[in-house]
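Residues per chain are reported as follows:
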Amino acid sequence: MVTGKSNSFHLVDEDASLPQQELQLFIEIHENQLRSALLSEEFDLLVAVRNDKLETSDPVLEIEQILKDQKLISRDYSAVHIAFKSQKQCLVPNGFFQEEEATNLFQKVHGTAPESLGIRECKEAKLKVIYQRQAGLEQFFLNAYPNAQFHSSEALLIEALIHRNRFVQNPKLFIDVEENESRFYLLSKKGLLFCNAFPTSSDEDVLYHASNIAKQYQLDGQHLEAHISGPWKINSPGIQLFKKYFAYVNVNMGLEYVKLSKGLSALRKQEVMSLLNLVACES
């Protein structure tokens, strides 16, 4: 695995004989990141994972070139799943949701009306996720992959977290750290208590928001579990910082991931947590 300031890596199982297999393609778009994975249907194994940084103002042309370079755009797949991970979204409990008011609500929260609006239901959470769609990218992907299906990473992750922790007794704080923001999810036996994203540029920023959430819900950090995904390694400074304030700190989101082929043994799953969750949910 090669990592660096570009925050890019490319892992492929060289023994997988990709052209001879039935494959499913999974893609996640998050601001300046393009993440992709290939799943072998024959062996139910993940055989390739890639993370590329987008560096231009024209994501369609850049993504097209990346996929061509990877030779991912010139073959058929039994299934193609594409998820968008966007900070611009709203969570609305089912009891308060009115579809005709979705655009107005989004505009009140974010200050601007979306060019195109998407709505996804989280059945276990009993809420709707209203998010800004990326119509230009969706059309590009449909042209490249006519069988493409589109998803909200947020909706999939919330459902997975609640299902995985449906018997939880003590509160748990899940934190998904990205390059310029972090997402926080607070769960208890009552279900999802809190979900929001905040700009973060340092370990201290992430700890500040985590502590603020704990304080808001009158939770003592010494009795609150913190589960963290993202670029932090097990013994990174960020994890060591959290261990000073939280009773239990774990470097993953506690989700059920797909099986990896031997060629992907170097992959740190927490770095592509939401991509792996997409694969687990839709494969």
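Our subject in this report is the structure included herewith. (Residues numbered from 1 in each chain as written. Predicted model: local features only at pLDDT ≥ 70, side-chain atom pairs only at ≥ 80, totals over all residues. Heavy atoms only, no water.)

### Things to note about the environment of asparagine 147
Mapping asparagine 147 onto the fold places it in the loop between helix 3 (135–144) and strand 9 (148–152). A C-alpha to C-alpha distance of 9.5 Å links asparagine 147 and aspartate 76, two positions 71 residues apart in sequence. Apart from the residues lying within four places of it in its own chain, the contact partners of asparagine 147 are Tyr77, Ser78, Ala79 and Val80. (Helix = DSSP H or I, 4+ residues; strand = E, 2+ residues; numbered from the N terminus. Contact = heavy atoms within 4.5 Å.)

### Overview of the packing of aromatic side chains
Using the criterion set out here, one finds eight aromatic pairs in the structure. Plain terms: the ring middles of tyrosine 77 and tyrosine 145 are 6.0 Å apart, the flat faces sit at 70 degrees to each other, and that makes the pair edge-to-face. Taken together, the residues tyrosine 77 in the loop between helix 1 (59–69) and strand 5 (79–84) and tyrosine 145 in the loop between helix 3 and strand 9 connect sequence positions 68 residues apart. Per residue, the accessibility class of tyrosine 77 equals that of tyrosine 145, and both read buried. Aromatic side chains phenylalanine 242 and phenylalanine 246 sit 5.3 Å apart centroid to centroid with 20 degrees between the ring planes, which places their arrangement in the stacked category. The exposure classification of phenylalanine 242 matches that of phenylalanine 246, with both residues buried. Through pairs of rings, three or more aromatic residues link up here, namely Phe184, Phe194, Phe198 and Tyr217. (Phe/Tyr/Trp six-rings, centres within 6.5 Å; stacked < 30°, edge-to-face > 60°. Buried < 20%, exposed > 50% of the residue type's maximum accessible area, 1.4 Å probe, protein only.)

### A word on the sheet that holds strand 10 (residues 172–177)
Read from one edge to the other, the open sheet built from five strands follows the order 12-11-10-13-14, with strand pairing classed as mixed. Two strands in the sheet have a free side with no partner beyond their single neighbour: strand 12 (191–199) and strand 14 (248–250). Each neighbouring strand pair of the sheet contributes to a mean axis angle of 15 degrees, computed without reference to strand direction. Relative to strand 12, strand 11 (residues 181–188) is paired through eight bridges, and the arrangement is antiparallel. Note that in strand 12 the partner of tyrosine 185 across the bridge is cysteine 195. Of the strands in this sheet, strand 10, strand 11 and strand 12 touch helix 4 (residues 153–164), which is tilted by about 35 degrees from strand 11. (Pairing = 2+ DSSP bridges. Axes fitted to C-alpha atoms, helices over the stretch in contact; angles between N-to-C directions.)

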